[in-house]
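# Commentary on secondary and tertiary structure
Take a look at the letters that make up each chain.
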Amino acid sequence: MESKQNNSLTIITIVAMMFLYAMISFVTNLAAPVGKIWGASFEDPAQAERMGMLGNLFNFLAYLIMGIPAGNFLAKKGYKKTALTAIFLGFIGIAVQWLSGVFDNFYVYLCGALLGGFCVCMLNTVVNPMLNLLGGGGNRGNQLNLVGGTLNSLSGALTPMLVGAIVGESLAGKEIDDVNVVLYIAMAVFAVIYLVIRLTPLAEPAGAGQQITYERSPWSFRHLTLGVIAIFFYVGVEIGIPATLISYLTPRIGFAAAGLIAGRYWILMLIGRFIGSAVGGKISSRTMVMWVATGAITLMVAAMLIGDSIMAKTFVQGQVINVPLASTLLVLCGLCTSVMWTSIFNMATEGLGKYTAKASGIFMMMVVGGGIVPQIQSLIAAHNCLLSYVVPVISVAYILWYAIFGSKNVNKDIKVD
């Protein structure tokens with residue numbers, strides 16, 4: 001009887017983590033299109049591009065600030081209290097973004113983006129190790145995270161499409177008030193999720209919220225340290241590819257259509273994670289990353305070489321239009337990046353035992369790459385969007401190296417119980 005209750009509690013916890021996975025993507029992907037609207041208020045195109053990405057930068061800067069504190073909070077307070085605190089911060093962050101429209105103040109928006117970043121950092125700190133531990137680590141732990149990643153991608157695909165549909169074809173003359181409907185929906189969802197998580201009993205992993213003695217720093221694990229660098233580059237790639245794609249396509253087909261096409265990148269991430277979750281129990285994280293990293297590099301290099309020289313037809317907004325084939329190749333990168341997050345996390349935290357919670361905080365700290373790497377890419381994109389993809393190419397090259405050489409746990413002799 002007790003075994004059945006434990007199994008039911010585990011299932012409830014897994015389902016709750018899946019919903020939190022979706023919320024992470026919603027908040028993260030809301031920053032870029034809302035930032036584009038603010039950026040459009042600046043007359044100089046180069047300045048508009050840079051300022052439009054600042055919200056994204058602040059959203060990910062929060063990881064650098066909150067990563068280690070989130071890991072420490074998780075270790076002391078447990079998974080449920082950490083999740084509830086994160087959801088509360090998310091609600092406040094979205095509310096502040098709404099207030100930025102009321103006060104017509106770009107800097108208030110940046111504060112809201114930062115608070116939203118605190119939220120998703122803490123949520124990531126919770127859901128990734130929780131699902132990995134509930135799955136028993138290894139391939140099974142990675143598989144559960146890939147299932148959660150599927151919902152994450154679905155939310156990520158819908159967000160830019162929803163904003164694009166509400167805003168319309170052009171950014172000219174648009175105000176933050178034009179996306180208030182999205183912000184209201186976000187606040188309502190956060191409020192509901194908070195109540196559901198608060199009233200739902202969750203299965204806390206053994207030792208969660210208890211006093212634990214750590215004999216060494218998590219940084220002493222080589223595969224974690226190198227994995228932290230890999231995730232820095234990965235998140236920059238995940239965000240930079242579709243965000244810059246919107247900038248590349250907007251002058252050619254309009255903002256709304258560009259947002260819809262960029263949204264396909266997230267749909268392909270959804271498909272890739274669905275496939276990954278199906279085969280994740282049989283194929284190792286290392287093998288997955290080796291193959292998809294090679295594919296991503298090939299697609300991006302091909303897009304840069306082809307440029308606007310070859311056009312392809314695509315169906316958008318009820319009509320067939322011509323778009324550069326390069327944009328299709330970049331959208332296909334979503335299949336490749338789909339399994340990288342969970343696989344890198346799985347490789348980086350494998351065999352860490354009681355150090356997992358603190359390691360998760362360190363891991364999340366370097367998600368700041370999602371703000372820094374696209375910002376570097378945007379500096380090049382202001383002059384040549386396709387050439388700017390040299391930044392994610394170099395980033396994925398490191399991830400490929402990590403999968404082949406850097407992910408091996410050479411510290412197996414360290415006691416982690």
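Structure: see above.
Now for a quick tour of the structure. These numbers were taken from a predicted model, which means no experiment stands behind them.

This next bit is on the overall build of the protein chain. Within the protein chain, the regular secondary structure consists of 15 helices and 2 strands. Out of the 417 residues belonging to the protein chain, those deemed buried represent 60%. Only carbon and sulfur atoms are counted for the fraction: they give 67% of the accessible area of the protein chain, which is about 16,400 Å².

The next subject is the packing of aromatic side chains. Tallying each qualifying case throughout the model produces 11 aromatic pairs. Summarising the aromatic geometry, the rings of phenylalanine 106 and tyrosine 109 are spaced 5.9 Å apart at their centres and angled 40° between planes, so their arrangement reads as tilted. Of the two residues, phenylalanine 106 and tyrosine 109 are both situated in helix 5 (residues 106–134); the distance of 3 residues between them amounts to about one turn of the helix. For phenylalanine 106, a relative accessible area of 8% puts it in the buried group. With a relative accessible area of 0%, tyrosine 109 lands in the buried category. Seen in terms of ring centroids, tyrosine 398 and tryptophan 401 are 5.6 Å apart; in terms of plane orientation they differ by 35°. Their pairing is tilted. Here tryptophan 401 and tyrosine 398 lie together in helix 15 (residues 390–406), a separation of 3 residues that amounts to about one turn. The class of tryptophan 401 is partly exposed, set by a relative accessible area of 34%. Members of the aromatic cluster, each reached through a chain of ring pairs, are Phe232, Phe233, Tyr398, Trp401 and Phe405.

Once the charged atoms of two side chains with opposite charge are near each other, the side chains can pair. Counting across every chain of the model gives 2 salt bridges. Taking the shortest distance from any N to any O, the salt bridge between glutamate 238 and arginine 273 comes out at 3.7 Å. Taken together, the residues span a long stretch of sequence, with glutamate 238 in helix 8 (residues 222–253) and arginine 273 in helix 9 (residues 255–279) at a distance of 35 residues. The residue arginine 252 makes a salt bridge to aspartate 308 at a minimum N-O spacing of 2.9 Å.

This part covers the packing of helix 9 against helix 11 (residues 325–337). Packing of helix 9 against helix 11 leaves a shortest axis separation of 7 Å and a crossing angle of 25°. Our classification of the angle between helix 9 and helix 11 gives roughly parallel. With respect to the hand of their crossing, helix 9 and helix 11 are arranged in right-handed fashion. Every residue of helix 11 that contacts helix 9 at Ile261, Arg264, Tyr265, Leu268, Met269, Ile271 and Gly272 is listed here: Leu330, Val331, Leu332, Cys333, Gly334, Leu335 and Thr337.

Structurally, threonine 125 is set in helix 5. Only 2.7 Å separates the side chain of threonine 125 from the backbone oxygen of cysteine 121, close enough to count as a polar contact. Among residues more than four places away in sequence, those in contact with threonine 125 are Ala70, Gly71, Leu74, Ser360, Gly361 and Met364.

Another point: the pairing of strand 1 (residues 311–316). Residues of strand 1 alternate between two faces, with Ala312, Thr314 and Val316 buried on one and Met311, Lys313 and Phe315 left unburied on the opposite face. Here strand 1 runs beside strand 2 (residues 319–324); their pairing, made up of 6 bridges, is antiparallel. The partner of methionine 311 across the bridge, within strand 2, is proline 324. Hairpin geometry of strand 1 and strand 2 is characterised by an intervening segment of 2 residues between the two adjacent antiparallel strands and by a positive phi of about 55° at glutamine 317.

Turning to helix 5, a few remarks are in order. Taking 1.5 Å per residue as the helical rise, helix 5 with its 29 residues ought to reach 42 Å, and the 42 Å between its terminal C-alpha atoms agrees with that figure. Most of helix 5 is tucked away: 23 of the 29 residues are buried.

Relative to the helices and strands, histidine 223 resides in helix 8. Note on histidine 223: relative accessible area 0%, which makes it buried.

Each value, and the rule that gives it
- Per chain, residues are indexed from 1 in the order of the written sequence.
- Selection of residues for local features in this predicted model requires a pLDDT of at least 70, selection of side-chain atom pairs for listing and counting requires 80 or more, and totals for whole chains, interfaces and linings are taken over all residues.
- The basis for every side-chain value is the complete set of non-hydrogen atoms in the structure, without hydrogens or water.
- Runs of E in the DSSP output that reach at least two residues are strands. Runs of H or I that reach at least four are helices, and both are numbered from the N terminus.
- The classification of residues rests on relative accessible area computed with a 1.4 Å probe and restricted to protein chains. Under 20% of the type maximum is buried, over 50% is exposed, and intermediate values are partly exposed.
- Calculation of accessible area relied on Shrake-Rupley with a 1.4 Å probe; when residues are assessed, cover is drawn exclusively from the protein chains displayed.
- Aromatic contacts are taken between Phe, Tyr and Trp rings whose centres are within 6.5 Å, Trp giving its six-membered ring; a plane angle under 30 degrees counts as stacked, one over 60 as edge-to-face, and the others as tilted.
- A carboxyl oxygen of Asp or Glu within 4 Å of a side-chain nitrogen of Lys or Arg is what we treat as a salt bridge.
- All axes are obtained by fitting lines to C-alpha atoms, using only the stretch in contact for helices, and the reported angles, taken between N-to-C directions, cover 0 to 180 degrees.
- Note on angle classes: values under 35 degrees are labelled roughly parallel, values over 145 roughly antiparallel, values of 65 to 115 roughly perpendicular, and the remainder oblique.
- Working rule for handedness: look at the near helix, and if it is turned counterclockwise from the far one by less than a right angle, call the crossing left-handed; if clockwise, right-handed.
- Residues count as neighbours in contact if any of their non-hydrogen atoms are within 4.5 Å of one another.
- Pairs of N or O atoms are called polar contacts if they sit within 3.5 Å, as long as, within protein, a hydrogen donor faces a hydrogen acceptor (for residues adjacent in sequence, only side-chain-to-side-chain pairs).
- Paired strands, as defined in this entry, are two strands with at least two bridges between them according to DSSP.
- Helix span is expected to be 1.5 Å times the residue number reduced by one.

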